[in-house]
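Summary of the model geometry
Letter by letter, the chains look like this.
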Amino acid sequence: MPTTAPAHSLSDVTASDSTLRRFLHGLPGVDAVGLEARAASLGTRSIKTTAKAYAIDLAISMVDLTTLEGADTPGKVRALGAKAVHPDPTDRTTPMTAAVCVYPDMVTVAKEAVAGSDVKVASVATAFPAGRTALDVKLADVREAVAAGADEIDMVIDRGAFLAGRYLKVYDEITAVKEACGGARLKVIFETGELSTYDNIRRASWLGMLAGADFIKTSTGKVAVNATPANTLLMLEAVRDFRAQTGVQVGVKPAGGIRTSKDAIKFLVLVNETAGEDWLDNHWFRFGASSLLNDLLMQRQKLATGRYSGPDYVTVD
Amino acid sequence: MASVFEYAPAPESRSIVDIAPSYGLFIDGEFTEAADGKVFKTVSPSTEEVLSEVAQAGAEDVDRAVKAARKAFEKWSALPGSERAKYLFRIARIIQERSRELAVLETLDNGKPIKETRDADLPLVAAHFFYYAGWADKLDHAGFGASPRPLGVAGQVIPWNFPLLMLAWKIAPALATGNTVVLKPAETTPLSALFFADICRQAGLPKGVVNILPGYGDTGAALVAHPDVNKVAFTGSTAVGKEIARTVAGTRKKLTLELGGKGANIVFDDAPVDQAVEGIVTGIFFNQGQVCCAGSRLLVQESIQDELLDSLKRRVATLRLGDPLDKNTDIGAINSAEQLARITALADQGEAEGAERWSPACELPSSGYWFAPTLFTNVTQAHAIARDEIFGPVLSVLTFRTPEEAVAKANNTQYGLSAGIWTEKGSRILAVANKLRAGVVWSNTFNKFDPTSPFGGYKESGFGREGGRHGLEAYLDV
């Protein structure tokens, strides 16, 4: 891992397709068995009592509460926004979620729904989830979302270009989107399930960070394999090493497939013991999830009252 | 260790295990006092609390136990293999059923973290009995000729670092092949062997097939020297192993020795770095480094030394040392005051000889036997810490320039038990592995164990193999 090299050493990496390829292919390989074993072993940490209470509140505050359906309506998005601001109407000490995450055409509705709160509006863009369209269409998609008030943009990379080895094309697209974002923070989605190998995920992570990603994000939630402890651990190693080398801190967002408090806490343990406590903040770590929030709320009620309430004691939106 | 996300204590409950105030010797299916009435105390290394008082076997008890084993041998060896297998399968299942209890017990008596006894020791113990149970009725097909015969009475002496696992390594193949055993557990960790005696009774194992004699070195010496023992198996220090070899020389006793090690973990510049760091940590800090096959020498290619050591130190700083019963503890207690003194002395010698010592900020508990994870850099082949087995959480870091130099340095030791190779290049793994004089060579992993895989040493690490098909040979008259 190039952790001790001076920060300026990365400036010429993106000079051409071949320098970029040499750099990405020069990153240390990932041993799949070892990576998964490490993720599994951190999954055995036992988080109880005060630590659990801390972790649940932290996890709630890190949720990007998401609806990304063809059937999304203003009513659905408004309900989601209300839930993000007051996740548990019976307990106002419950933290707000970090953001709501919607399609670009729902950004206006979402902004109204969370107005006056700290909840951000994130919008997927760039022809989410496939990303298979022309760059100017993707950029228009981004600009529309930003113009409507999106605080954050979740873009997808061109996996086809990545798998074809055209790294500079992927890089150029990310930088173009970053520019179109203006002041909005950019999350770059790799769709790790389609990149398939851990070596690819490490390369994509560095590629995204070099191109100016504010967050690197596992997946869209629309494919068979989404966030896993192992791919998230790998991306946490990448942001850790990137900061060590460049001084720039980048966030991580696992998305899709994280449904229980137990799972979420395992991810927080990964953050804590890999990237470190600097990432234990919703500015630097998010969960892309929808059903997770209700499980976190039920666990929170259980810790507070000592008994399980059940699904009718949290809101269904 | 992060301060904002402080893990609350998560202790495994002690109430699952019921430790009696005293235990006898297990001879001929009964618990009995020592003939001379001697007892010794076993303490919990993490707190120095006395756990129990255990009968200490003397020469007379050894004789009684060997006689019981001899008597049981006739019927036990005559049983069809499929019948012996039933007992072994039963024992394996009882171990699984009682695994939580045994894990807590082992952690209390040994000092190692519950995470390890729960996730490594106990699953491997059960797996070992299952594996050799499977062999019991297939010995004709093991490659040792038709109807290979057992040896008779096996005298077995085991160490304190993996008390129940070493017992399984010894007893499972012995019983599967039709031998009977007299086993001496280590004086600092006798309890799990005595619980195993109870499991033998629970499984209905015929009397005398397994006999357990707690005691010190003199008990082991008497067992090894007993004229009616046909087979001696020992795991422990090279010094004691040599003594046993001298005792056994000139007799017809068959001998296997599994002794010390100074394993080299070789990290090439094209290694998967994050996983290599994990492997280095596992290699030297698993069971507080009290592992004969520990990767206690790190051989790192000089060109990546600085970045690898940065990563390694950052990782070592996250290790959680403390109450072994806490489910989040990574580093437990050293097994005894004696072992702690040995580790301390060798580490001090390393410092005195000019190697650079590093440990993370790490608060040690006030009672019990503790040693912080320690790295030594600027170590050369000439340093004692590069040559002597420390048997503790102390890693000596050396560098190399070429694969040839890595192999030469890795082999330049009196031992030859284990080695590790870290590279993404498959051809290099095969080329280097072929040149290493070590009984087990791991590639891109370390300290992985499986009952199907033979384990044993070159040179002063011993001879004979335990585990796998090869492990049967030590208990057969072939």
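Residues numbered from 1 in each chain as written. Chains lettered and ligands numbered in written order. Predicted model: local features only at pLDDT ≥ 70, side-chain atom pairs only at ≥ 80, totals over all residues. Heavy atoms only, no water.

Operational definition: UniProt positions are given in the numbering used here, feature names are shortened, and annotations may be inferred rather than shown by experiment.
In the annotation of an unreviewed UniProt entry, the entry for chain B reads Aldehyde dehydrogenase, and the organism field reads Streptomyces brasiliensis. The Sequence similarities (unreviewed entry) field of the UniProt record for chain B holds the comment "Belongs to the aldehyde dehydrogenase family."

An unreviewed UniProt entry lists chain A under the name Deoxyribose-phosphate aldolase, from Streptomyces brasiliensis. UniProt, in its Pathway (unreviewed entry) section for chain A, records the words "Carbohydrate degradation; 2-deoxy-D-ribose 1-phosphate degradation; D-glyceraldehyde 3-phosphate and acetaldehyde from 2-deoxy-alpha-D-ribose 1-phosphate: step 2/2." UniProt, in its Sequence similarities (unreviewed entry) section for chain A, records the words "Belongs to the DeoC/FbaB aldolase family. DeoC type 2 subfamily."

Quick notes on the pairing of strand β17 (residues 440–443) of chain B
Basically, it comes down to this: Three labels apply to residues, based on accessible area from a 1.4 Å probe with only protein chains included: buried if under 20% of the type maximum, exposed if over 50%, partly exposed otherwise in between. Runs of H or I in DSSP of at least four residues are treated as helices and runs of E of at least two as strands, each being numbered from the N terminus. When the strands point away from the viewer and the connection leading from the first strand across the helix to the second strand turns clockwise, the crossover is called right-handed.
Where burial is concerned, the two faces of β17(B) differ: the one with B:V440 and B:W442 is buried and the one with B:V441 and B:S443 is not. Crossover strand β16 (residues 418–422) of chain B to β17(B) through helix α14 (residues 426–435) of chain B is right-handed.

Topic: helix α2 (residues 81–97) of chain B
To keep it simple, the criterion reads: In a helix, the anticipated span is given by 1.5 Å times the number of residues less one. Two residues qualify as a contact provided that any one of their heavy atoms is within 4.5 Å of a heavy atom in the partner residue.
In this model α2(B) runs 24 Å from its N-terminal to its C-terminal C-alpha over 17 residues, within 8% of the 24 Å that 1.5 Å per residue would give. Elements that come into contact with the buried residues of α2(B) comprise α1 (59–78), α3 (99–110), α4 (114–135), α5 (163–176) and α6 (191–202) of chain B.

A closer look at the sheet that holds β17(B)
Residues and elements named next belong to chain B. In plain terms, the rule: The pairing criterion is simple: DSSP has to find at least two bridges between the two strands. Axis lines are fitted to C-alpha atoms, over the contacting stretch for helices. Their N-to-C directions set the angle, which ranges from 0 to 180 degrees.
Strand order in the open sheet formed by seven strands is β13-β14-β15-β12-β11-β16-β17, and the pairing between neighbours is mixed. Only two strands of the sheet have a single neighbouring strand rather than two, namely β13 (356–358) and β17. Here the strands of the sheet are splayed against their neighbours by 20 degrees on average, with no regard to which way each runs. As paired strands, strand β12 (residues 297–301) and strand β15 (residues 394–400) are joined by five bridges and run parallel to one another. Within β15, the position partnered with L298 by the bridge is V397. Its contacts with the sheet place helix α9 (residues 273–285) against β11 (264–267), β12, β14 (374–377), β15 and β16, and it is angled at close to 170 degrees to β11.

Considering the interface of chain A and chain B
Let me state the cut-off plainly: Accessible area that two parts lose when put together, evaluated with a 1.4 Å probe and summed over both, is termed the buried area. The salt bridge criterion pairs a side-chain nitrogen of Lys or Arg with a carboxyl oxygen of Asp or Glu, the two atoms within 4 Å. Counted as a polar contact is a pair of N or O atoms within 3.5 Å, where, for protein atoms, one must be capable of donating a hydrogen and the other of accepting one, and residues adjacent in sequence contribute only when both atoms are in side chains. Residues are sorted three ways: Asp, Glu, Lys and Arg are charged, Ala, Val, Leu, Ile, Met, Phe, Trp, Tyr, Cys and Pro are nonpolar, and all the rest, Gly among them, are polar.
Listed as interface residues are 32 residues of chain A and, on the opposing side, 28 residues of chain B. Carbon and sulfur atoms supply 48% of the area buried between chain A and chain B, which totals about 2,500 Å² over both sides. Inspection of the region where chain A meets chain B yields four salt bridges. Residues B:D274 and A:R202 are paired through a salt bridge, measuring 2.5 Å at the closest nitrogen-oxygen approach. Along the contact surface separating chain A from chain B lie nine residue pairs in polar contact (both at pLDDT 80 or more). Looking at the side of chain A that touches chain B, the elements that each hand over two or more residues are α2 (32–42), α3 (49–61), α10 (198–210), α11 (229–246) and α12 (261–275) of chain A. The greatest single-element share of the side of chain A that touches chain B, amounting to five residues, is contributed by α3(A). Across the side of chain A that touches chain B, the residue classes break down as twelve nonpolar, nine polar and eleven charged.

Some details on the packing of aromatic side chains
Residues and elements named next belong to chain B. The condition that has to hold: What counts as a ring pair is set by centres within 6.5 Å for rings of Phe, Tyr and Trp (its six-membered ring), and what kind of pair is set by the plane angle: stacked under 30 degrees, edge-to-face over 60, tilted for all other angles.
Taken as a whole, this structure holds 22 aromatic pairs over all chains when the rule is applied. With a centroid separation of 6.1 Å and 45 degrees between ring planes, the pair formed by F89 and F130 is classed as tilted. Here F130 lies in helix α4 and F89 lies in helix α2, a separation of 41 residues in the sequence. Measuring from centroid to centroid gives 5.3 Å for F268 and F400, while their planes differ by 75 degrees, and the two rings are edge-to-face. Of this pair, F268 sits in the loop between β11 and α9 while F400 sits in strand β15; the two residues are 132 residues apart in sequence, bridging distant segments of the chain. Looking at F268, the relative accessible area reads 0%, which means it is buried.

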